[in-house]
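Close look at the chain arrangement
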Amino acid sequence: MTRFSVLFALAIGSTLAMPAQSTFAQPDITRQQTYTLHRASSTDPTGANADYRSVAPGATLTVLDADGPGTISHLWFTIATGEPYHLKRIVLRIYWDGEQSPSVEAPIGDFFGLGLGTYHNWESEMLSVGSDKSLNSFFPMPFRQHARITVTNEGKQPIGSLYYNIDYRTDSTPLPADTLYFHAQYRQAQPNHGWTNRWASNGDALVNAKANLDGADNYVWMDAKGHGQFVGVTMSVLQNQDGWWGEGDDMFFVDGEKTPSIIGTGSEDYFLGAWDFGGKPFSYRLYGAPVVGEELAGGRSSVYRFHLDSPIPFTKSFKATIEHGHANVRSDNYYSVAYWYQAEPHAPFPPLPPVEQRLPSLQPVGGPGNGTPDAVSR
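Residues numbered from 1 in each chain as written. Predicted model: local features only at pLDDT ≥ 70, side-chain atom pairs only at ≥ 80, totals over all residues. Heavy atoms only, no water.

Re the confidence of the model for the protein
The cut-off we apply is this: Per-residue confidence from the predictor is reported as pLDDT, a score between 0 and 100. In this description, contact between two residues means that some pair of their heavy atoms is separated by no more than 4.5 Å.
Confidence along the protein averages 92 in pLDDT terms, with 92% of residues attaining 70 or more. For residues 1-7, every residue scores under 50 in pLDDT, and the model assigns this stretch 13 contacts once sequence neighbours within four places are set aside.

Describing the pattern of salt bridges
Just so we agree on the cut-off: Each reported salt bridge corresponds to a side-chain nitrogen of Lys or Arg within 4 Å of a carboxyl oxygen of Asp or Glu. Helix and strand assignments come from DSSP, with helices taken as H or I runs of at least 4 residues and strands as E runs of at least 2, each series counted from the N terminus.
By the definition in use, this model includes ten salt bridges. A salt bridge links arginine 89 to glutamate 356; the nearest nitrogen and oxygen atoms lie 3.1 Å apart. Remark: glutamate 356 occurs in helix α6 (residues 355-358) and arginine 89 occurs in helix α2 (residues 86-89); sequence separation between them is 267 residues. With its nearest N and O atoms 2.7 Å apart, the salt bridge here joins aspartate 332 to arginine 330. Each of Arg93, Glu105, Glu154 and Arg358 takes part in a single network of salt bridges with overlapping partners.

Looking at the sheet that holds strand β17 (residues 262-263)
Using the following cut-off: Two strands pair under a simple rule: DSSP has to find at least two bridges between them.
Pairing in this open sheet of four strands is antiparallel, and the strands run β14-β22-β16-β17 from one edge to the other. For this open sheet the edge positions go to β14 (219-225) and β17, each flanked by a neighbour on one side alone. Judged from the five bridges that link them, strand β16 (residues 250-254) and strand β22 (residues 317-322) form a sheet pairing that is antiparallel. Following the sheet pairing, aspartate 250 is matched in β22 by isoleucine 322.

Some details on the nonpolar core
Side chains of a nonpolar character, in soluble globular proteins, are inclined to be buried together. Which entries qualify depends on this criterion: Here, the term nonpolar core denotes a set of buried Ala, Val, Leu, Ile, Met, Phe, Trp, Tyr and Cys residues that are joined through side-chain atoms within 4.5 Å. Working definition: with a 1.4 Å probe on protein chains only, accessible area under 20% of the residue-type maximum means buried, over 50% means exposed, and in between means partly exposed.
In terms of nonpolar packing, the biggest core is built from 55 residues, with Ile72, Phe77, Phe111, Phe139, Phe182 and Tyr339 touching the most fellow members. Counting 29 residues, the second largest nonpolar core, distinct from the first, contains Met222, Val233, Val254 and Phe349.

A word on the side chain of asparagine 136
To be explicit about the condition: Within 3.5 Å is the distance limit for a polar contact, defined as a pair of N or O atoms, with the added protein rule that one can donate a hydrogen and the other accept it, and that residues adjacent in sequence qualify only through two side-chain atoms.
Its place among the elements puts asparagine 136 in strand β9 (residues 134-137). Within the local environment of asparagine 136, its side chain forms a polar contact with the side chain of histidine 74, the two groups lying 2.9 Å apart. Filtering out sequence-adjacent residues up to four positions away, asparagine 136 remains in contact with His74, Leu75, Trp76, Phe112, Met126, Leu127 and Ser128.

Observations concerning the pairing of strand β19 (residues 287-291)
Counting buried positions over the five residues of β19 gives four, a clear majority of the element. The pairing of strand β18 (residues 282-283) with β19 spans two bridges and is antiparallel. Considered in β19, the bridge of phenylalanine 282 is made with alanine 289. In sequence, β18 turns back onto β19 through a hairpin of three residues. Strand direction decides the pairing type here: β19 and strand β20 (residues 300-306), joined by three bridges, are antiparallel. In the strand pairing of β20, tyrosine 287 is matched with arginine 305.

Here's the deal with the packing of aromatic side chains
Worth spelling out the cut-off: Only centres within 6.5 Å qualify two rings of Phe, Tyr or Trp (six-membered ring in Trp) as a pair; their planes then separate them into stacked at under 30 degrees, edge-to-face at over 60, and tilted for everything else. Should the NZ of a Lys or the CZ of an Arg lie within 6 Å of a ring centre and within 35 degrees of the ring normal, that charge is described as sitting over the ring.
On inspection of all chains with the given rule, the structure shows 34 aromatic pairs. Ring geometry for phenylalanine 139 against phenylalanine 182: centres 4.8 Å apart, planes inclined by 35°, an arrangement best described as tilted. You can see phenylalanine 139 sitting in the loop between β9 and β10 (141-143) and its partner phenylalanine 182 sitting in strand β13 (residues 181-189), a full 43 residues away along the chain. The pair phenylalanine 139 / phenylalanine 182 is uniform in exposure class, with both members buried. These aromatic residues form a ring-pair network of at least three members: Phe77, Phe111, Phe112, Trp122, Phe139, Tyr164, Phe182, Tyr304, Phe306, Tyr339 and Tyr341. For arginine 305, the ring lying beneath its charged end belongs to tyrosine 270, and the centroid distance is 5.0 Å.

This is the structure:
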């Protein structure tokens, strides 16, 4: 098996000894495949060249409605609309096997790592945004009975042209009994609430002496019930305060732990950079910071990390978190999507914030670069 086949097999919970013709991991291209490949697309059904769909404000378009067993191998979208922040206003949802609660729910931009509501090109193993404004996912998404993908326009203007290609394969062979389902959950804090704004720099003794052993006020990427494994996160930051936003540790709580069994040393360290990312953007297969902003109020950054080398397993529950500044002192805005695989059913997701609250905007939190501390002292 190729390295990528092994990673995909780990991600969806199948054994590494799977046959070469397996439908549910990256195929071995040296062996004859037996699945049937399908594509759901926005192609013009008349055969003409209007290969797109329009979506009115408030409308939901179903872009995939397929019976299984099968696996979605690739999603591609591109969007033509003049509405500002349409990446935040358009919502992507995926439902498995007739469920009523989606297993994937996120603004479409955030799902593809564009959490600031604007486009930037970046590349990773699982997600990428190419030139020009092409949104791609390569997460394997197996389903036993049925898969449904919808796109909802929560904006005020029509989506003039939504183009999409969704590749999936089906086979008469049932999925292995231990196959896990893909999930993705959007969360935000606009803003995070720092425990004080009476500080001048990250090095203040007031800040550095603060202890945080239980992660009680950490920003939460995801909080799941059941069994499965965490495979990664994309996150974007809009700074409300001056200074480096990343003096926060990642903390993971497995199976109901009161204190984290996995804890890191700083935000840039979790995303596998160092020293404030050197002030320069970078993108690699499993980690990166494709947007690195100035360390000032108004600075914008985007980061990602995928755990395909070692997905983090859980048997009862899992909570993935990160501090916002050391011991949660900072009050910046965070927007994130966590990605994981688990057995159904899943716990209901928190409701999506109303669309206007999803649009990135500076918040009056006080502190360095944000007005007087007395304005919003906590």
